[in-house]
Amino acid sequence: MQIKQVRWVQATLLYLGLTNIFPGVWALFMPHSFYDSFPGLGRVWVAVDGPYNEHLIRDVGGFFLALALLSFLTLLAPRLVSVRATAICLLTFNTPHLLYHLKHLHMLPVIDQIGNVVALSAGVLLPVLLLFHKPIVTQTIQSAIP
């Protein structure tokens, strides 16, 4: 038996994996830089929220990396991890993360408010779509003739 993922599911898992691996590596291995400069390109979304805490930032990096790994495992080994289980895990982190930031947008310039809402909303909306995915299971028939 083989599980085949449709292209939109593959693309969604790849997107979610990539968008989690980027902040995960940055926060885990360069926490002060992440604090001062995330999301990059001259924008600052973390430092406006309070004093630097290396332990907290490294833990956040670990969470992002764990979600990236989960997304990539689901993409590359669909028999190992189900798409729905991955969606539930992503929503467990991404929903309260989005809600927190929606309540604290006032600290950011308008362009960063828009970027923040768009980026974090995608992290909730895409896993919601994955919840409705029904996997395609195919049976491999092996020939009895050598």
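Everything discussed here concerns the structure shown above.
So, a few notes on the structure that sits alongside this text. (Residues numbered from 1 in each chain as written. Predicted model: local features only at pLDDT ≥ 70, side-chain atom pairs only at ≥ 80, totals over all residues. Heavy atoms only, no water.)

For the rest of this paragraph, the subject is the overall build of the chain. Within the chain, the secondary structure is distributed over five helices and four strands. In the chain, the succession of helices and strands from N to C terminus is β-α-α-β-β-α-α-α-β. Expressed along its principal axes, the backbone C-alpha trace of the chain runs to roughly 70 × 30 × 25 Å. Burial status across the chain gives 34% buried among its 146 residues. The long-range share in the chain, meaning contacts at least 24 apart out of those at least 6 apart in sequence, stands at 67%. If you sum the accessible surface of the chain, you get close to 9,000 Å²; carbon and sulfur atoms cover 71% of it. (Helix = DSSP H or I, 4+ residues; strand = E, 2+ residues; numbered from the N terminus. Buried < 20%, exposed > 50% of the residue type's maximum accessible area, 1.4 Å probe, protein only. Contact = heavy atoms within 4.5 Å. Areas by Shrake-Rupley, 256 points an atom, 1.4 Å probe, with all protein chains shown as cover.)

This part covers the pattern of salt bridges. Evaluated as defined, the whole model comprises two salt bridges. The partner of Asp112 in a salt bridge is Arg43, and the shortest N-O contact between them spans 2.5 Å. Here Asp112, found in helix α5 (residues 110-131), pairs with Arg43, found in strand β3 (residues 43-44); they are 69 residues apart in sequence, far enough to count as distant. When the shortest N-O distance is used, the salt bridge between Glu54 and Arg58 registers 2.8 Å. In this pair, Glu54 and Arg58 are both assigned in helix α3 (residues 54-76), four residues apart and thus about one turn of the helix distant. (Salt bridge = Lys/Arg side-chain N within 4 Å of Asp/Glu carboxyl O.)

For α5, built from 22 residues, the straight-helix expectation of 32 Å at 1.5 Å per residue is met to within 8% by its first-to-last C-alpha distance of 32 Å. Ala122 marks where α5 bends most, by close to 25°. Among all positions of α5, only Asp112, Asn116, Leu120, Ser121, Ala122, Gly123, Val124, Pro127 and Leu130 are buried. The inward-facing, buried residues of α5 contact α1 (7-29), β3 and α4 (83-103). (Expected span 1.5 Å × (residues − 1). Bend = angle between axes of the 7 residues up to and from the residue.)

Counting ten residues, the largest nonpolar core is built from Trp26, Ala27, Phe34, Tyr35, Phe38, Trp45, Val46, Ile57, Leu105 and Leu108. For this core, the secondary structure elements donating two or more residues are α1 and α2 (31-37). Not counting chain neighbours up to four residues away, the residues in contact with Trp45 comprise Phe38, Pro39, Leu108, Asp112, Gly115 and Asn116. (Core = buried A, V, L, I, M, F, W, Y, C linked by side-chain atoms within 4.5 Å.)

Let us now look at a nonpolar patch on the surface. Residues Leu14, Leu18, Ile21, Phe22, Val25, Phe29 and Met30 make up a contiguous nonpolar surface patch of roughly 640 Å² in combined accessible area. Relative to the assigned elements, Met30 resides in the loop between α1 and α2. The class for Met30 is partly exposed, based on a relative accessible area of 43%. (Patch = residues over 30% accessible without salt bridge, like charges linked within 9 Å, V, L, I, M, F, W, Y side chains within 5 Å.)

Further remarks concern unusual backbone geometry. Geometrically, the link from Phe38 to Pro39 is a cis peptide bond, its omega value of 15° lying close to zero. Within the secondary structure layout, Pro39 lies in strand β2 (residues 39-40). In the Ramachandran plot, Leu41 falls in the positive-phi region, its phi being about 55° despite a non-glycine side chain. Within the secondary structure, Leu41 is located in the loop between β2 and β3.

Running from amino to carboxyl end, α3 crosses α4 at an angle of 155°, the nearest separation of the two axes being 9 Å. Judged by the angle between their axes, α3 and α4 are roughly antiparallel. Helix-helix and strand crossings are classified by hand; for α3 and α4 the assignment is left-handed. Here Phe63, Phe64, Leu67, Leu70, Ser71 and Thr74 of α3 come into contact with α4, specifically with Val83, Thr86, Cys89, Leu90, Phe93, Asn94 and His97. The class makeup of the residues in the contact of α3 with α4 is eight nonpolar, five polar and no charged. (Axes fitted to C-alpha atoms, helices over the stretch in contact; angles between N-to-C directions. Parallel < 35°, antiparallel > 145°, perpendicular 65-115°, else oblique. Left-handed = near helix turned anticlockwise from the far one by under 90°. Nonpolar A, V, L, I, M, F, W, Y, C, P; charged D, E, K, R; others polar.)

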